[in-house]
Amino acid sequence: MKSTMPSLKKTLGAAVLVSILALILANELWVLTQQGREQISTQTKTSSQVSTTTTYTPSTTSSAYTTTPGTTTSPNSATAFPVEEYLGSGGSSAVFNPADPAFLSVADGGVVLRLTTPAGTYSSVYVVVNGTSIEMKRQLKWSGYEMWYARVDGVGPFEYYFVLATSEGRRVYLYNTTERPLFNFDGVDRFPQVRWVVGSVGYQIFPDRFYNGDPTNDLLANRTDELCLNAFSTSRPAFSNWSDPITPLHCCHQYFGGDLKGITMKLGYLKSLGVDMIYLNPIFLSGSVHGYDTYDYLVVDPKYGTQEDLRNLIIRAHDLGIRVIFDFVPDHVGIGFWAFLDVYEKGPSSKYWYWFTIYKWPFKLGDSSAYRCWWGFGSLPQLNTTNPEVRDYLLNVALYWMDFGFDGMRIDTPTDLLGAKDFFRELRALVKSKYPQAYIVGEIWDLDPSWLKGDLFDSLMFYSLGRGVLLAFSSGKITGTQAAEALSVFYASIGANVAGMGFNVVDSHDTSRVLTDLGGGRLGDKPSYESIQRLKLLTVLQFTMPGMPVIFQGDERGALGDKNHFDEQRYPIQWDQLIPEVYNHYLYLTTLKHTLPGLNTSIIRVLYSSDDLLVYTRGYNDEVLVIANNGLIDHEVQLPEGAWRVVYPAGYQAVVVNKIRVSPLSALILVKE
Ligand SMILES: [Ca+2]
C-alpha cells in the first residue's frame with residue numbers, strides 16, 4: 001500500500017541514494033581507523049610478485065596460534081616484514097564484523113566471507129581458513145572503499161584470519177583479539193538462505209485486474225465496498241467491462257471482475273513464461289479493489305472466489321512448481337473490519353477497544369480525527385500492535401495462511417507498525433520454526449540493512465535497487481560509474497545470502513510501469529523503439545542481478561501506465577494485446593535465468609564502469625559477464641581473459657576473445673567458455 005511514497009521516491013536522485021546508503025553502511029560497519037602504526041617492509045617486493053600469487057600460504061600457519069601479539073615473530077617473515085593487527089586495534093583500516101551477515105553469511109551452500117579495505121591500498125587479500133589460504137576476490141568498489149570476498153565450501157566450523165598485501169610487499173595480518181587471535185566460525189547458520197528464491201523468477205498479480213475466470217462473482221464487491229460505509233464519501237463503487245476506460249475511481253473502487261479462478265486458468269501462461277513464484281496482492285475480505293483495507297483476515301473475498309478456489313489455485317500452482325506468497329497487512333484494517341465495527345457500535349465497552357487508538361467516541365466511520373489511522377486516511381484505522389491480544393491475533397493469521405499452503409508472505413508497510421521490530425521478530429521466529437523455507441519480504445522502499453540481519457526479513461522489496469539504480473541507469477539519469485558505485489554500496493550493505501534472496505522489482509502496483517518511465521507513453525499509447533530498447537536494457541540488468549526478478553503483471557506484454565493518472569498502471573491485462581518483441585525478450589530472460597548456473601548464485605562482482613558502461617560478472621567463477629551500455633554511441637569493451645560465448649542477444653551465439661563492441665542502449669550477456 002502506497003499513496004504518496006512513490007512520487008517521493010522518484011525525487012530521490014541516485015546521488016542521494018548513494019549518500020544515504022553510505023551513511024547506513026558507515027553506521028553498520030566496524031570501521032578501523034588509520035592510526036599510523038604502519039611498519040614499512042625492509043624487503044620491498046615488486047607488485048608482480050604479490051599480485052600473481054594465487055594461493056599464498058604462510059610458511060608456518062600454526063605459529064599464528066602461538067604468536068605473542070606485538071612481537072615480530074610471524075608467518076612468512078622471510079619475504080616481508082609483517083604487521084599484526086587485531087580487530088578494533090586500527091592500522092589497516094580494514095573493516096570486518098563477523099556478527100554482521102554483510103561480512104559473514106551462508107549462501108549457496110558455502111560460507112561467504114567479506115572484508116572491506118580502503119580502495120587501492122592492498123593489491124591482494126587472503127583469508128587463511130584452517131591453515132589453507134584462499135585468495136579473496138575484489139568484489140565491489142565505492143567512494144574510497146573496496147570489498148573483497150571468498151567462499152569456503154560447506155558449512156562446517158573453521159578458524160581463520162586475514163592477510164592483506166600491498167604491492168610494495170607490506171603484509172598486514174588481521175587477527176581477532178589478542179586473547180583469541182583466530183576468528184572462529186562455529187558452523188551454525190544463523191540466517192539460513194531461502195534457497196529456492198535464488199534461481200527463481202517472480203510475478204506479481206493484482207487480482208481484480210488479471211483475468212476474470214468467473215463472471216458470477218463480479219458484483220459481490222458491492223456488499224462490502226468501503227464507499228458504502230464511509231460517512232465522508234458520497235461516491236459509490238463502479239463496475240466495468242474488462243476494456244472500459246478508467247475513471248477517477250480506478251485506483252480503488254472501479255471493479256473489473258478479475259478473480260482467483262482467472263489466475264488458476266492462466267497458470268499455464270505463467271508456467272510457459274518461466275514464472276516460479278507468484279506474489280498475490282491482497283485477496284482477503286476488504287472494501288476496495290486493492291484490498292489493503294482488510295475486513296476479515298481469515299475470509300477469502302467473495303469477489304475473488306471461495307476458499308476452495310484459493311486452495312485449488314495453490315495446489316495447481318504447486319503441481320506446476322510455482323510457489324505462491326500472500327500479501328499480509330498487519331498495520332491497519334478497513335472500516336468494515338469486524339473488531340473495528342464492534343468498537344464503533346459499543347464504544348469503550350467493546351472488548352476490542354484497545355485493539356485501536358480511539359481519540360473520541362461516538363464517531364463516524366471514516367473520521368480520521370477520531371482514531372489513529374494509517375497516514376491520516378480515515379478509511380484505514382491502525383491496529384494497536386503493542387497490545388498482546390492484537391499481536392497474537394495477527395501472528396495466528398499469518399500461521400493460518402502458511403498452514404493453508406502458502407510459501408511465504410510480502411508484508412505491507414512494516415515500518416509503520418507500532419512496536420514494529422518486536423512484532424516482526426516474533427512473526428519470523430514463529431513462521432520459520434514451522435516453515436524454515438518460508439520467504440518473508442518487507443515492503444520497505446529504501447535500503448535499510450537493519451531489517452536484513454537474520455531476525456526480521458529475508459528481503460525487502462528492492463525498489464532501491466530496481467528503480468534507484470537499474471531504472472536510473474537505463475533511463476540515462478545516472479552514468480555507468482554512478483550505477484557501479486550505487487550497486488557496490490547496495491551489495492556491500494547486505495549479506496550475500498540476502499542478495500541471493502532479493503525481491504528485485506523495477507515497478508509494481510504502486511509505481512508507474514517502467515515502460516512508461518522509460519518514455520513509452522501512457523495507457524493506450526504505442527511505445528517508441530527507443531523506449532523498448534531501454535526496457536530491454538533495464539530487464540537484462542534486473543534478470544542478471546543476484547536474487548529473484550519480479551515481473552509486475554503485464555510488463556512482459558509491453559503494458560503502459562502512469563501512476564499519476566488514477567493509477568493507470570493497474571489497468572486490466574488486455575489479453576488480446578501484446579508486443580511480441582517484448583514478450584519474447586522476457587521469455588528469453590527467464591530461460592537464461594533458469595539455465596545459466598552463474599545466475600543461480602548469490603554473487604555479483606562489479607568489474608568496470610565509465611560514463612556509458614556498466615560491466616559485472618556473476619557466479620563464484622565469474623562465469624557470466626554482463627556488459628551494459630546506456631549511451632547513444634557504441635563502445636568497444638576489453639573482455640576478461642579467455643573465450644566468451646555471447647548468449648544475449650538471442651541468436652548471436654558467437655565465441656569472442658579480447659574485445660567486443662556493444663551497441664547503444666543495449667546489453668550483452670556472455671558466458672565463459
Ligand atoms: Ca469475476
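Residues numbered from 1 in each chain as written. Predicted model: local features only at pLDDT ≥ 70, side-chain atom pairs only at ≥ 80, totals over all residues. Heavy atoms only, no water.

The name that an unreviewed UniProt entry assigns to the protein is Pullulanase, with the source organism given as Thermogladius calderae.

Our focus in this paragraph is the overall build of the protein. Looking only at helices and strands, the protein features 17 helices and 27 strands. Within the protein, the fraction of its 673 residues that count as buried is 62%. Considering only contacts in the protein between residues 6 or more positions apart, those separated by 24 or more positions represent 72%. (Helix = DSSP H or I, 4+ residues; strand = E, 2+ residues; numbered from the N terminus. Buried < 20%, exposed > 50% of the residue type's maximum accessible area, 1.4 Å probe, protein only. Contact = heavy atoms within 4.5 Å.)

To continue, consider the packing of aromatic side chains. The final tally for this structure, using the stated rule, is 58 aromatic pairs. Between the aromatic rings of tyrosine 203 and phenylalanine 210, the centroid separation amounts to 6.0 Å while the plane-to-plane angle is 70°, which identifies the pairing as edge-to-face. Here tyrosine 203 matches phenylalanine 210 in class, with each residue buried. Measuring from centroid to centroid gives 6.4 Å for phenylalanine 337 and tyrosine 393, while their planes differ by 55°, and the two rings are tilted. Highlighted residues: phenylalanine 337 in the loop between strand E16 (323-328) and helix H9 (338-346) and tyrosine 393 in helix H10 (residues 388-404), separated in sequence by 56 residues. Across the pair, tyrosine 393 and phenylalanine 337 agree in class, each one buried. (Phe/Tyr/Trp six-rings, centres within 6.5 Å; stacked < 30°, edge-to-face > 60°.)

Right, let's get into the coordination of the calcium ion. Coordination of the calcium ion by the protein involves Asn212 (OD1), Asp214 (O), Asn217 (OD1), Asp218 (OD), Gly257 (O) and Asp259 (OD), with metal-donor separations of 2.3 to 2.6 Å. Here the calcium ion is ringed by six donor atoms whose angles at the metal span 63 to 165°, and the overall shape comes out irregular. We note that the donor set of the calcium ion lies within a single chain, spaced as N-x1-D-x2-N-D-x38-G-x1-D. You can see asparagine 217 sitting in the loop between strand E10 (202-205) and strand E11 (238-239) and its partner aspartate 259 sitting in the loop between strand E12 (254-255) and helix H6 (260-265), a full 42 residues away along the chain. Classification of aspartate 259 as buried rests on a relative accessible area of 1%. (Donors = N, O, S within 2.8 Å, 3.2 Å for Na, K, Ca; no water. Tetrahedral: all angles 85-135°; square planar, octahedral: opposite > 155°, others 65-115°.)

Before going further, it helps to spend a moment on the environment of glutamate 146. Relative to the helices and strands, glutamate 146 is located in strand E6 (residues 145-153). Along the backbone, glutamate 146 and threonine 116 are 30 residues apart, and their C-alpha atoms lie at a distance of 5.6 Å. Setting aside anything within four residues of it in sequence, one finds glutamate 146 in contact with Leu115, Thr116, Thr117, Pro118, Ala119, Gly120, Thr121, Tyr122, Arg138, Leu140 and Lys141. In terms of polar contacts, glutamate 146 uses its side chain to reach the backbone amide nitrogen of glycine 120, at 3.2 Å. Within the local environment of glutamate 146, its side chain forms a polar contact with the side chain of arginine 138, the two groups lying 3.1 Å apart. (Polar contact = N/O pair within 3.5 Å; in protein donor to acceptor, adjacent residues only side chain to side chain.)

Bringing the state of the cysteines into the picture now. Here the structure, examined in full by the defined rule, presents one disulfide. The disulfide bridge from cysteine 251 ends at cysteine 252, spanning 2.1 Å between sulfur atoms. Its torsion about the S-S bond being 45°, the disulfide of cysteine 251 and cysteine 252 is classed as right-handed. Summarising the burial analysis for this pair, cysteine 251 and cysteine 252 share the class buried. (Disulfide = S-S within 2.5 Å.)

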